[in-house]
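# Examination of the molecular architecture
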Amino acid sequence: MERFFKTLLLVCIIYIASAMVIAPVGCISAAREAITLCANVVIPSLFPFFICSRLFISLGAAKPASRYLSKIMRPVFGVPGGGAIAMIIGIISGYPLGASCAVSLYSEGYCTKTEAERLLTFCSNSGPLFIIGAVGTGILGSRNLGILLYTAHILAAVLTGILFRNYGTSDCSDSLRLPPSPDISTKNTAAAIGTAVSDSVDSIFKVCGFVILFAVFSAALPPYPGSEFVY
């Protein structure tokens, strides 16, 4: 299976490279539009949330959440209380902030690998700005329809989280030793902000890179049913 995916990826790369040589105008135009999209929409809407989500974890917000919200998150979703941060961020900010926050919780020691995988099943969601604004108001012409779609989207995520609450091994982070409370002195807070900004810059560039990559790949594909709705 791994060999198949590597071969498939290699074929896609060769296809994109060939398309850029054979039909460079369309690919360059798609890349230009993707860069404009990143500058006007992706970076302004995601970058501040990237910084906030990392600061929530690095400044110790996950520790009181783990202590006080485990009685809710543990029986319902099978994750520690700190997972509520990833869930809330995923609901209000959209892709890929919830997943990024879940990874941060795991790397900081607030949850196990299995619990992080459970978090990923329901905390990475589309944000209200896209569903209510772009889809509901922009495409369907109705804000109420956008709210209905967003409500259905979040309910589906919650039900998925409940469905996967017993996924994986039965390790329990309640028995883990939570990281000590961080020193919130001015020096350490400034360092945490600097690290959050640095990590967020790296993450936002990766997101924009994927946007550009798939925009070029989509432009390189021959016309297919539904292709008119890609942009």
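Residues numbered from 1 in each chain as written. Predicted model: local features only at pLDDT ≥ 70, side-chain atom pairs only at ≥ 80, totals over all residues. Heavy atoms only, no water.

The next subject is the overall build of the protein. Per the secondary structure count, the protein includes 9 helices and 0 strands. Starting at the N terminus and ending at the C terminus, the protein contains elements arranged as α-α-α-α-α-α-α-α-α. The 231 residues of the protein split such that 35% are buried. Residue pairs in contact within the protein that sit at least 24 positions apart in sequence constitute 73% of those at least 6 positions apart. (Helix = DSSP H or I, 4+ residues; strand = E, 2+ residues; numbered from the N terminus. Buried < 20%, exposed > 50% of the residue type's maximum accessible area, 1.4 Å probe, protein only. Contact = heavy atoms within 4.5 Å.)

On to a nonpolar patch on the surface, then. Taken together, Tyr68, Leu69, Ile72 and Val76 make up a surface patch of nonpolar side chains, about 380 Å² in accessible area. Looking at the element boundaries, Tyr68 is found in helix 3 (residues 62-77). (Patch = residues over 30% accessible without salt bridge, like charges linked within 9 Å, V, L, I, M, F, W, Y side chains within 5 Å. Areas by Shrake-Rupley, 256 points an atom, 1.4 Å probe, with all protein chains shown as cover. Salt bridge = Lys/Arg side-chain N within 4 Å of Asp/Glu carboxyl O.)

A separate point is helix 8 (residues 143-163). A rise of 1.5 Å per residue sets the reference length of helix 8, with its 21 residues, at 30 Å; its end C-alpha atoms lie 30 Å apart and thus fit the reference within 8%. Within the span of helix 8, buried status applies to Gly146, Tyr150, Ile154, Ala157 and Gly161. In a view along the axis of helix 8, the buried residues occupy a sector of 65 degrees, so they form one face of it. Exposed residues lying more than 90 degrees from the buried face of helix 8 are Asn144, Leu148, Leu155, Leu159 and Leu163. (Expected span 1.5 Å × (residues − 1). Arc of directions from axis to C-beta.)

With that settled, the discussion passes to the nonpolar core. With 27 residues, the main nonpolar core has Val42, Leu46, Met73, Leu105, Leu119 and Phe122 as its most contacted residues. Looking at this core, the elements with two or more residues in it are helix 2 (24-58), helix 3, helix 4 (83-93), helix 5 (97-107), helix 6 (113-120) and helix 9 (186-220). Discounting residues that sit within four places of it in the chain, Leu46 has contacts with Ser93, Tyr95, Pro96, Leu97, Ile204 and Val207. Ile16, Ala19, Ala31 and Ala220 belong to the second largest nonpolar core, which has 6 residues in total. (Core = buried A, V, L, I, M, F, W, Y, C linked by side-chain atoms within 4.5 Å.)

With that settled, the discussion passes to the packing of aromatic side chains. One pass over the structure, following the stated rule, counts 3 aromatic pairs. Relative to Phe122, the ring of Phe77 has its centre 4.4 Å away and its plane inclined at 15 degrees; by these criteria the two rings are stacked. Of this pair, Phe77 sits in helix 3 while Phe122 is found in the loop between helix 6 and helix 7 (128-139), placing the two residues 45 residues apart along the sequence. Comparing Phe77 with Phe122, the two get one shared label, buried. Seen in terms of ring centroids, Phe210 and Phe214 are 6.4 Å apart; in terms of plane orientation they differ by 20 degrees. Their pairing is stacked. Taken as a pair, Phe210 and Phe214 lie in helix 9 at a separation of 4 residues, close to a single helical turn. Judged by relative accessible area, which is 51%, Phe214 ranks as exposed. (Phe/Tyr/Trp six-rings, centres within 6.5 Å; stacked < 30°, edge-to-face > 60°.)

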